[in-house]
Amino acid sequence: MADNAAMTASSFDFDRYDHVRPIRWTGQALELLDQRVLPFSVDHVRCLDSDAVAAAIHNLTVRGAPAIGIAAAWGVVLAANAIDAGNGLDAAAALAPAMERLNAARPTAVNLAWALARMRKTLVAAGTDWRVVLTREAQAIEAEDLQANRKMGALGAGLIAPGSGVLTHCNTGSLATAGFGTALGVIRAGVAQGRIERVFAGETRPWNQGARLTVWELQQDGIDATLIADAAASHLMKTGQVQWVIVGADRICANGDTANKIGTYQLAIAARHHGLKFMVVAPSSTVDMGTASGELIEIEERDPAELLSFRGQRVVAEGVHAWNPVFDVTPHDLIDAIVTEKGVVERPDAGEMRALFEA
Ligand code: MRU
(Lines give C-alpha, C1' and ligand atoms only; values in the text may rest on other atoms or scores of the structure.)
Protein backbone atom coordinates (compact mmCIF):
# COMPACT_ATOMS: atom_id res chain seq x y z
CA MET A 1 0.00 0.00 0.00
CA ALA A 2 1.33 3.40 -0.96
CA ASP A 3 2.81 5.23 1.98
CA ASN A 4 1.25 2.87 4.54
CA ALA A 5 4.63 2.04 6.08
CA ALA A 6 5.00 5.66 7.12
CA MET A 7 1.77 5.40 9.09
CA THR A 8 2.80 2.56 11.35
CA ALA A 9 4.38 4.99 13.82
CA SER A 10 2.77 4.63 17.25
CA SER A 11 1.58 8.24 17.30
CA PHE A 12 -0.83 8.86 14.47
CA ASP A 13 -0.36 12.16 12.64
CA PHE A 14 -4.03 13.04 12.15
CA ASP A 15 -3.44 16.08 9.96
CA ARG A 16 -1.03 14.33 7.65
CA TYR A 17 -3.53 11.59 6.82
CA ASP A 18 -6.72 13.63 6.80
CA HIS A 19 -6.60 16.32 4.13
CA VAL A 20 -10.14 16.71 2.86
CA ARG A 21 -12.70 19.07 4.44
CA PRO A 22 -16.29 19.30 3.14
CA ILE A 23 -17.46 22.35 5.14
CA ARG A 24 -15.89 25.80 5.45
CA TRP A 25 -17.37 28.66 7.47
CA THR A 26 -16.03 32.04 6.33
CA GLY A 27 -17.81 34.27 8.85
CA GLN A 28 -20.37 35.40 6.27
CA ALA A 29 -21.02 32.28 4.21
CA LEU A 30 -20.95 28.51 4.33
CA GLU A 31 -18.76 27.00 1.63
CA LEU A 32 -19.50 23.39 0.79
CA LEU A 33 -17.22 21.14 -1.22
CA ASP A 34 -19.54 20.09 -4.05
CA GLN A 35 -19.74 16.30 -3.74
CA ARG A 36 -21.90 16.06 -6.88
CA VAL A 37 -18.94 16.83 -9.12
CA LEU A 38 -16.05 15.03 -7.37
CA PRO A 39 -13.58 13.59 -8.16
CA PHE A 40 -12.78 15.46 -11.38
CA SER A 41 -13.87 18.91 -10.20
CA VAL A 42 -13.02 20.27 -6.77
CA ASP A 43 -15.52 23.14 -6.51
CA HIS A 44 -17.18 24.87 -3.59
CA VAL A 45 -20.79 26.01 -3.43
CA ARG A 46 -21.20 29.23 -1.45
CA CYS A 47 -24.36 29.35 0.68
CA LEU A 48 -25.39 32.82 1.84
CA ASP A 49 -28.68 31.90 3.52
CA SER A 50 -30.26 28.95 5.29
CA ASP A 51 -32.45 27.99 2.34
CA ALA A 52 -29.34 27.60 0.20
CA VAL A 53 -27.99 25.24 2.88
CA ALA A 54 -31.27 23.27 2.93
CA ALA A 55 -31.11 22.96 -0.87
CA ALA A 56 -27.45 21.84 -0.70
CA ILE A 57 -28.38 19.13 1.82
CA HIS A 58 -31.30 17.96 -0.29
CA ASN A 59 -29.38 17.86 -3.58
CA LEU A 60 -26.33 16.12 -1.98
CA THR A 61 -23.84 18.94 -2.46
CA VAL A 62 -23.08 18.06 1.16
CA ARG A 63 -23.93 14.54 2.33
CA GLY A 64 -23.17 12.01 5.04
CA ALA A 65 -25.07 12.01 8.33
CA PRO A 66 -22.68 14.04 10.52
CA ALA A 67 -21.85 16.49 7.72
CA ILE A 68 -25.48 17.37 7.06
CA GLY A 69 -26.01 17.99 10.79
CA ILE A 70 -23.02 20.34 10.87
CA ALA A 71 -24.13 22.12 7.69
CA ALA A 72 -27.63 22.58 9.16
CA ALA A 73 -26.14 24.12 12.33
CA TRP A 74 -24.32 26.66 10.17
CA GLY A 75 -27.58 27.17 8.26
CA VAL A 76 -29.15 28.27 11.53
CA VAL A 77 -26.32 30.79 12.01
CA LEU A 78 -27.00 32.18 8.52
CA ALA A 79 -30.72 32.43 9.34
CA ALA A 80 -29.88 34.19 12.62
CA ASN A 81 -27.69 36.71 10.80
CA ALA A 82 -30.51 37.48 8.36
CA ILE A 83 -33.28 38.42 10.80
CA ASP A 84 -33.93 41.92 12.18
CA ALA A 85 -32.63 42.31 15.70
CA GLY A 86 -35.34 44.70 16.91
CA ASN A 87 -36.25 45.03 20.58
CA GLY A 88 -38.41 42.25 21.99
CA LEU A 89 -37.57 39.91 19.12
CA ASP A 90 -38.48 36.29 19.87
CA ALA A 91 -35.47 34.79 18.14
CA ALA A 92 -36.64 31.17 18.58
CA ALA A 93 -39.98 31.95 16.90
CA ALA A 94 -38.28 34.00 14.19
CA LEU A 95 -35.87 31.19 13.34
CA ALA A 96 -38.40 28.35 13.54
CA PRO A 97 -39.50 28.39 9.84
CA ALA A 98 -35.89 28.30 8.58
CA MET A 99 -35.10 25.46 11.00
CA GLU A 100 -38.14 23.50 9.81
CA ARG A 101 -37.02 23.87 6.20
CA LEU A 102 -33.52 22.66 7.12
CA ASN A 103 -34.99 19.72 9.02
CA ALA A 104 -37.14 18.71 6.04
CA ALA A 105 -34.15 18.58 3.66
CA ARG A 106 -33.53 14.84 4.28
CA PRO A 107 -35.43 12.42 6.55
CA THR A 108 -33.29 9.40 7.47
CA ALA A 109 -30.08 10.67 9.10
CA VAL A 110 -30.96 11.65 12.66
CA ASN A 111 -27.89 13.91 12.92
CA LEU A 112 -29.82 16.61 11.06
CA ALA A 113 -32.66 16.76 13.62
CA TRP A 114 -30.14 16.28 16.44
CA ALA A 115 -28.03 19.29 15.40
CA LEU A 116 -31.11 21.49 14.94
CA ALA A 117 -32.49 20.46 18.35
CA ARG A 118 -29.14 21.33 19.91
CA MET A 119 -29.12 24.76 18.21
CA ARG A 120 -32.73 25.38 19.34
CA LYS A 121 -31.92 24.46 22.94
CA THR A 122 -28.87 26.74 22.91
CA LEU A 123 -30.92 29.59 21.48
CA VAL A 124 -33.66 29.27 24.11
CA ALA A 125 -31.06 29.40 26.90
CA ALA A 126 -29.10 32.31 25.37
CA GLY A 127 -29.23 35.97 26.39
CA THR A 128 -28.96 39.08 24.24
CA ASP A 129 -25.76 37.74 22.65
CA TRP A 130 -27.70 34.84 21.10
CA ARG A 131 -26.13 35.29 17.66
CA VAL A 132 -22.63 34.86 19.08
CA VAL A 133 -23.82 31.93 21.16
CA LEU A 134 -25.31 30.20 18.11
CA THR A 135 -22.07 30.67 16.16
CA ARG A 136 -20.11 29.13 19.03
CA GLU A 137 -22.52 26.20 19.18
CA ALA A 138 -22.15 25.46 15.45
CA GLN A 139 -18.37 25.59 15.92
CA ALA A 140 -18.65 23.21 18.87
CA ILE A 141 -20.83 20.73 16.94
CA GLU A 142 -18.22 20.65 14.18
CA ALA A 143 -15.20 20.39 16.51
CA GLU A 144 -16.79 17.68 18.66
CA ASP A 145 -17.53 15.60 15.56
CA LEU A 146 -13.87 15.63 14.55
CA GLN A 147 -12.81 14.65 18.08
CA ALA A 148 -15.40 11.85 18.19
CA ASN A 149 -14.16 10.46 14.88
CA ARG A 150 -10.57 10.35 16.07
CA LYS A 151 -11.63 8.55 19.24
CA MET A 152 -13.75 6.04 17.30
CA GLY A 153 -10.84 5.45 14.94
CA ALA A 154 -8.71 4.21 17.83
CA LEU A 155 -11.52 2.19 19.44
CA GLY A 156 -12.60 0.50 16.20
CA ALA A 157 -9.07 -0.23 15.00
CA GLY A 158 -8.42 -1.95 18.33
CA LEU A 159 -10.94 -4.64 17.38
CA ILE A 160 -9.12 -5.59 14.18
CA ALA A 161 -6.42 -8.26 14.11
CA PRO A 162 -3.13 -7.34 12.37
CA GLY A 163 -3.01 -8.33 8.71
CA SER A 164 -6.76 -7.98 8.11
CA GLY A 165 -8.65 -6.95 5.01
CA VAL A 166 -11.78 -4.80 5.19
CA LEU A 167 -14.69 -3.90 2.95
CA THR A 168 -16.52 -0.58 3.33
CA HIS A 169 -19.62 0.88 1.75
CA CYS A 170 -20.73 4.37 0.69
CA ASN A 171 -18.54 7.27 1.85
CA THR A 172 -18.09 7.63 5.59
CA GLY A 173 -14.92 9.66 5.50
CA SER A 174 -13.79 13.24 5.98
CA LEU A 175 -16.25 14.12 3.23
CA ALA A 176 -19.17 12.83 5.30
CA THR A 177 -18.12 14.39 8.62
CA ALA A 178 -16.17 17.29 10.10
CA GLY A 179 -13.08 15.27 9.22
CA PHE A 180 -11.33 11.88 9.62
CA GLY A 181 -14.57 9.97 9.16
CA THR A 182 -16.46 7.23 10.98
CA ALA A 183 -15.93 3.86 9.28
CA LEU A 184 -13.17 5.44 7.18
CA GLY A 185 -11.67 6.83 10.40
CA VAL A 186 -11.38 3.29 11.73
CA ILE A 187 -9.84 2.27 8.42
CA ARG A 188 -7.38 5.20 8.55
CA ALA A 189 -6.37 4.27 12.10
CA GLY A 190 -6.26 0.54 11.31
CA VAL A 191 -4.00 1.12 8.32
CA ALA A 192 -1.77 3.42 10.38
CA GLN A 193 -1.40 0.75 13.06
CA GLY A 194 -0.62 -1.98 10.52
CA ARG A 195 -3.77 -3.89 11.42
CA ILE A 196 -5.43 -3.36 8.03
CA GLU A 197 -3.49 -4.51 4.99
CA ARG A 198 -6.25 -4.53 2.36
CA VAL A 199 -9.04 -1.98 1.86
CA PHE A 200 -11.93 -2.65 -0.54
CA ALA A 201 -14.68 -0.13 -1.28
CA GLY A 202 -18.00 -0.91 -2.93
CA GLU A 203 -19.04 1.48 -5.68
CA THR A 204 -22.38 2.20 -3.92
CA ARG A 205 -24.86 2.42 -6.75
CA PRO A 206 -26.75 4.47 -7.76
CA TRP A 207 -25.00 7.63 -6.57
CA ASN A 208 -21.55 6.01 -6.50
CA GLN A 209 -20.34 7.46 -3.20
CA GLY A 210 -17.80 4.63 -2.98
CA ALA A 211 -16.52 4.97 -6.54
CA ARG A 212 -16.52 8.76 -6.78
CA LEU A 213 -15.75 9.78 -3.20
CA THR A 214 -14.25 7.06 -0.97
CA VAL A 215 -11.43 5.84 -3.17
CA TRP A 216 -10.61 9.46 -4.14
CA GLU A 217 -10.57 10.57 -0.51
CA LEU A 218 -8.28 7.70 0.50
CA GLN A 219 -6.03 8.44 -2.46
CA GLN A 220 -5.61 12.05 -1.19
CA ASP A 221 -4.19 10.58 2.02
CA GLY A 222 -1.96 7.95 0.43
CA ILE A 223 -4.08 4.94 1.39
CA ASP A 224 -4.55 2.34 -1.32
CA ALA A 225 -8.09 1.08 -1.79
CA THR A 226 -9.47 -1.33 -4.34
CA LEU A 227 -12.85 -0.53 -5.85
CA ILE A 228 -15.32 -3.36 -6.41
CA ALA A 229 -18.73 -3.49 -8.03
CA ASP A 230 -21.41 -3.76 -5.34
CA ALA A 231 -22.37 -7.08 -6.85
CA ALA A 232 -18.84 -8.44 -6.24
CA ALA A 233 -19.09 -8.23 -2.43
CA SER A 234 -20.13 -11.81 -1.65
CA HIS A 235 -17.57 -13.18 -4.08
CA LEU A 236 -14.86 -11.03 -2.42
CA MET A 237 -15.88 -12.38 1.00
CA LYS A 238 -15.63 -15.94 -0.27
CA THR A 239 -12.04 -15.39 -1.43
CA GLY A 240 -10.90 -14.78 2.16
CA GLN A 241 -9.42 -11.36 1.46
CA VAL A 242 -11.59 -9.51 4.00
CA GLN A 243 -12.20 -10.21 7.67
CA TRP A 244 -14.38 -7.18 8.53
CA VAL A 245 -17.11 -5.18 6.86
CA ILE A 246 -16.96 -1.65 8.32
CA VAL A 247 -19.76 0.84 7.65
CA GLY A 248 -21.19 4.09 9.03
CA ALA A 249 -24.76 4.82 10.05
CA ASP A 250 -27.50 7.36 9.51
CA ARG A 251 -29.60 6.33 12.51
CA ILE A 252 -29.03 3.73 15.21
CA CYS A 253 -32.18 2.74 17.09
CA ALA A 254 -32.61 1.92 20.78
CA ASN A 255 -32.26 -1.81 20.02
CA GLY A 256 -29.19 -1.38 17.80
CA ASP A 257 -30.99 -1.69 14.45
CA THR A 258 -29.05 0.56 12.07
CA ALA A 259 -30.09 2.53 9.01
CA ASN A 260 -27.30 3.11 6.51
CA LYS A 261 -26.80 3.46 2.77
CA ILE A 262 -28.81 1.07 0.63
CA GLY A 263 -26.86 -2.15 0.20
CA THR A 264 -25.58 -2.25 3.78
CA TYR A 265 -28.17 -4.84 4.84
CA GLN A 266 -27.16 -7.31 2.15
CA LEU A 267 -23.49 -6.86 3.12
CA ALA A 268 -24.37 -7.76 6.73
CA ILE A 269 -26.22 -10.89 5.60
CA ALA A 270 -23.34 -11.91 3.36
CA ALA A 271 -20.78 -11.21 6.10
CA ARG A 272 -22.64 -13.44 8.55
CA HIS A 273 -22.91 -16.20 5.92
CA HIS A 274 -19.16 -16.10 5.36
CA GLY A 275 -18.26 -15.89 9.07
CA LEU A 276 -16.91 -12.33 8.78
CA LYS A 277 -17.35 -9.57 11.36
CA PHE A 278 -19.59 -6.56 10.81
CA MET A 279 -18.79 -3.19 12.45
CA VAL A 280 -20.92 -0.03 12.52
CA VAL A 281 -19.07 3.18 13.37
CA ALA A 282 -21.00 6.34 14.28
CA PRO A 283 -20.86 9.19 16.78
CA SER A 284 -23.49 9.31 19.55
CA SER A 285 -25.24 12.05 17.53
CA THR A 286 -26.36 9.21 15.22
CA VAL A 287 -27.89 7.22 18.10
CA ASP A 288 -31.64 7.70 18.38
CA MET A 289 -32.78 6.16 21.65
CA GLY A 290 -36.25 7.62 20.96
CA THR A 291 -36.82 5.20 18.08
CA ALA A 292 -37.32 1.69 19.39
CA SER A 293 -36.45 -0.33 16.29
CA GLY A 294 -35.60 -0.16 12.62
CA GLU A 295 -39.06 -0.54 11.12
CA LEU A 296 -39.96 2.87 12.60
CA ILE A 297 -37.26 4.67 10.58
CA GLU A 298 -38.37 6.74 7.61
CA ILE A 299 -36.41 5.56 4.59
CA GLU A 300 -35.65 8.30 2.08
CA GLU A 301 -36.69 7.56 -1.49
CA ARG A 302 -35.03 9.65 -4.17
CA ASP A 303 -35.71 10.45 -7.80
CA PRO A 304 -35.80 7.24 -9.91
CA ALA A 305 -33.79 9.21 -12.47
CA GLU A 306 -30.71 8.35 -10.34
CA LEU A 307 -31.24 4.75 -11.51
CA LEU A 308 -32.56 5.39 -14.99
CA SER A 309 -29.83 7.80 -16.06
CA PHE A 310 -26.07 8.07 -15.91
CA ARG A 311 -24.54 11.56 -15.76
CA GLY A 312 -27.83 13.06 -16.85
CA GLN A 313 -28.25 10.76 -19.83
CA ARG A 314 -30.99 8.13 -19.84
CA VAL A 315 -29.55 4.61 -20.12
CA VAL A 316 -32.75 2.61 -19.52
CA ALA A 317 -35.52 2.17 -22.09
CA GLU A 318 -38.21 4.84 -22.00
CA GLY A 319 -41.30 3.74 -20.09
CA VAL A 320 -39.40 1.58 -17.56
CA HIS A 321 -40.09 2.49 -13.91
CA ALA A 322 -37.61 2.33 -11.03
CA TRP A 323 -37.82 2.33 -7.22
CA ASN A 324 -35.00 4.15 -5.46
CA PRO A 325 -34.91 3.75 -1.66
CA VAL A 326 -31.50 5.11 -0.61
CA PHE A 327 -31.15 3.57 2.85
CA ASP A 328 -31.89 0.19 4.39
CA VAL A 329 -31.94 -1.14 7.93
CA THR A 330 -29.54 -3.77 9.22
CA PRO A 331 -31.09 -5.71 12.12
CA HIS A 332 -29.02 -5.53 15.30
CA ASP A 333 -28.43 -9.28 15.43
CA LEU A 334 -26.30 -9.06 12.27
CA ILE A 335 -23.99 -6.47 13.87
CA ASP A 336 -20.92 -7.55 15.85
CA ALA A 337 -19.91 -4.12 17.15
CA ILE A 338 -21.26 -0.59 17.21
CA VAL A 339 -18.35 1.79 17.80
CA THR A 340 -19.10 5.27 19.15
CA GLU A 341 -16.96 7.87 20.90
CA LYS A 342 -18.66 6.84 24.14
CA GLY A 343 -17.50 3.25 23.80
CA VAL A 344 -18.12 0.01 21.91
CA VAL A 345 -21.36 -1.97 22.07
CA GLU A 346 -20.59 -5.58 21.18
CA ARG A 347 -23.47 -7.75 19.94
CA PRO A 348 -25.89 -4.83 20.34
CA ASP A 349 -29.43 -5.22 21.64
CA ALA A 350 -31.78 -2.98 23.62
CA GLY A 351 -30.09 -3.82 26.96
CA GLU A 352 -26.54 -3.22 25.73
CA MET A 353 -27.59 0.04 24.07
CA ARG A 354 -29.31 1.26 27.25
CA ALA A 355 -26.23 0.42 29.30
CA LEU A 356 -24.08 2.78 27.22
CA PHE A 357 -26.50 5.52 26.17
CA GLU A 358 -28.84 5.81 29.14
CA ALA A 359 -26.34 5.15 31.92
O1 MRU B 1 -26.97 9.54 0.98
P2 MRU B 1 -25.69 9.81 1.71
O3 MRU B 1 -24.51 9.81 0.84
O4 MRU B 1 -25.81 11.03 2.60
O5 MRU B 1 -25.56 8.56 2.68
C6 MRU B 1 -24.46 8.50 3.54
C7 MRU B 1 -24.38 7.23 4.28
O8 MRU B 1 -25.24 6.38 4.24
C9 MRU B 1 -23.19 7.06 5.20
O10 MRU B 1 -22.81 5.73 5.24
C11 MRU B 1 -23.61 7.51 6.59
O12 MRU B 1 -24.16 8.80 6.55
C13 MRU B 1 -22.48 7.52 7.53
S14 MRU B 1 -21.36 8.83 7.12
C15 MRU B 1 -20.27 9.09 8.31
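Relevant structure appears above.
These remarks concern the structure in this document. Quick caveat: nothing in here was measured; it's all calculated off a predicted structure.

Here we take up the overall build of the protein chain. Counting its regular elements, the protein chain contains eleven helices and 16 strands. For the protein chain, the C-alpha radius of gyration of 20 Å lies close to 21 Å, the compact-globule estimate for 359 residues. With respect to the principal axes defined by its C-alpha atoms, the protein chain has extents near 70 × 55 × 40 Å. Taken over 359 residues, the protein chain has a buried fraction of 55%. Considering only contacts within the protein chain whose residues lie at least 6 apart along the sequence, 74% involve residues at least 24 apart. Counting only carbon and sulfur atoms, one obtains 52% of the accessible surface of the protein chain, whose full area is about 14,900 Å². Across the protein chain, 31 positive and 41 negative side-chain charges occur, with their mean positions spaced 2 Å apart.

What follows covers helix α4 (residues 110–125). In a regular helix each residue adds 1.5 Å, so 16 residues correspond to 22 Å; α4 covers 23 Å between its end C-alpha atoms and thus fits that length. By the burial criterion, the buried members of α4 are V110, N111, L112, A115, L116, R118, M119, T122 and L123. Against the buried residues of α4 lie α1 (50–58), α2 (65–82), α3 (91–103), α5 (130–157), β8 (251–253) and β11 (287–288).

Positionally, Q209 belongs in helix α7 (residues 209–220). Residue Q209 is classed as buried on the basis of its relative accessible area, which comes to 4%. With sequence-adjacent residues up to four places away left out, Q209 is seen in contact with R63, C170, N171, E203, T204, T214 and K261.

Before going further, it helps to spend a moment on the sheet that holds strand β1 (residues 23–25). Spatial ordering of the open sheet is given by β1-β2-β3, a layout of three strands whose pairing is antiparallel. Looking at which strands have only one partner, the edges of the open sheet turn out to be β1 and β3 (44–47). Across the sheet, the axes of successive neighbouring strands diverge by a mean angle of 20°, strand direction being ignored. Inspection of the sheet shows strand β2 (residues 30–33) paired to β3 by four bridges, in the antiparallel sense. Within the sheet, the bridge partner assigned to L30 lies in β3 and is C47.

Applying the stated rule across the entire model yields 15 salt bridges. Its salt-bridge partner being D288, residue R251 comes within 2.7 Å of it at the nearest N-O pair. With a gap of 37 residues between them, R251 in strand β8 and D288 in strand β11 connect regions that are remote in the sequence. In terms of burial, R251 and D288 fall into one category: buried. Note that E306 is salt-bridged to R302, the shortest N-O span being 2.9 Å. Note on R302: relative accessible area 14%, which makes it buried. Beyond isolated ion pairs, a larger network of salt bridges with shared partners links R106, E300, R302 and E306.

Applying the stated criterion to the full structure yields two cavities of 30 Å³ or more. A volume near 170 Å³ is recorded for the largest cavity. Within the residue set of the lining of the largest cavity, elements represented by two or more residues are α2 and β9 (258–261). Partitioning the lining of the largest cavity into residue classes produces seven nonpolar, eight polar and four charged. There are two domains that each give the lining of the largest cavity at least three residues, and those are domain 1 (2–148) and domain 2 (153–357). As a volume, the second largest cavity reaches approximately 50 Å³. Every residue along the wall of the second largest cavity is listed here: L60, R205, P206, W207, Q209, K261, I262, R302, E306 and V326. Grouping the amino acids of the lining of the second largest cavity by side-chain chemistry returns five nonpolar, one polar and four charged.

Cut-offs applied
- Residues numbered from 1 in each chain as written.
- Predicted model: local features only at pLDDT ≥ 70, side-chain atom pairs only at ≥ 80, totals over all residues.
- Heavy atoms only, no water.
- Helix = DSSP H or I, 4+ residues; strand = E, 2+ residues; numbered from the N terminus.
- Rg over C-alpha atoms; globule rule 2.2 N^0.38 Å.
- Buried < 20%, exposed > 50% of the residue type's maximum accessible area, 1.4 Å probe, protein only.
- Contact = heavy atoms within 4.5 Å.
- Areas by Shrake-Rupley, 256 points an atom, 1.4 Å probe, with all protein chains shown as cover.
- Lys, Arg positive; Asp, Glu negative; His and termini not counted.
- Charge placed at Lys NZ, Arg CZ, Asp CG, Glu CD.
- Expected span 1.5 Å × (residues − 1).
- Pairing = 2+ DSSP bridges.
- Axes fitted to C-alpha atoms, helices over the stretch in contact; angles between N-to-C directions.
- Salt bridge = Lys/Arg side-chain N within 4 Å of Asp/Glu carboxyl O.
- 1 Å grid on protein atoms, 1.4 Å probe; cavity = no way out; pocket = protein on both sides within 12 Å on 5 of 7 lines; lining within 4 Å.
- Points joined across faces, edges and corners; volume = space filled by probe spheres on them.
- Nonpolar A, V, L, I, M, F, W, Y, C, P; charged D, E, K, R; others polar.
- Domains from an automatic or database assignment.

This is a description of form; function is not addressed.
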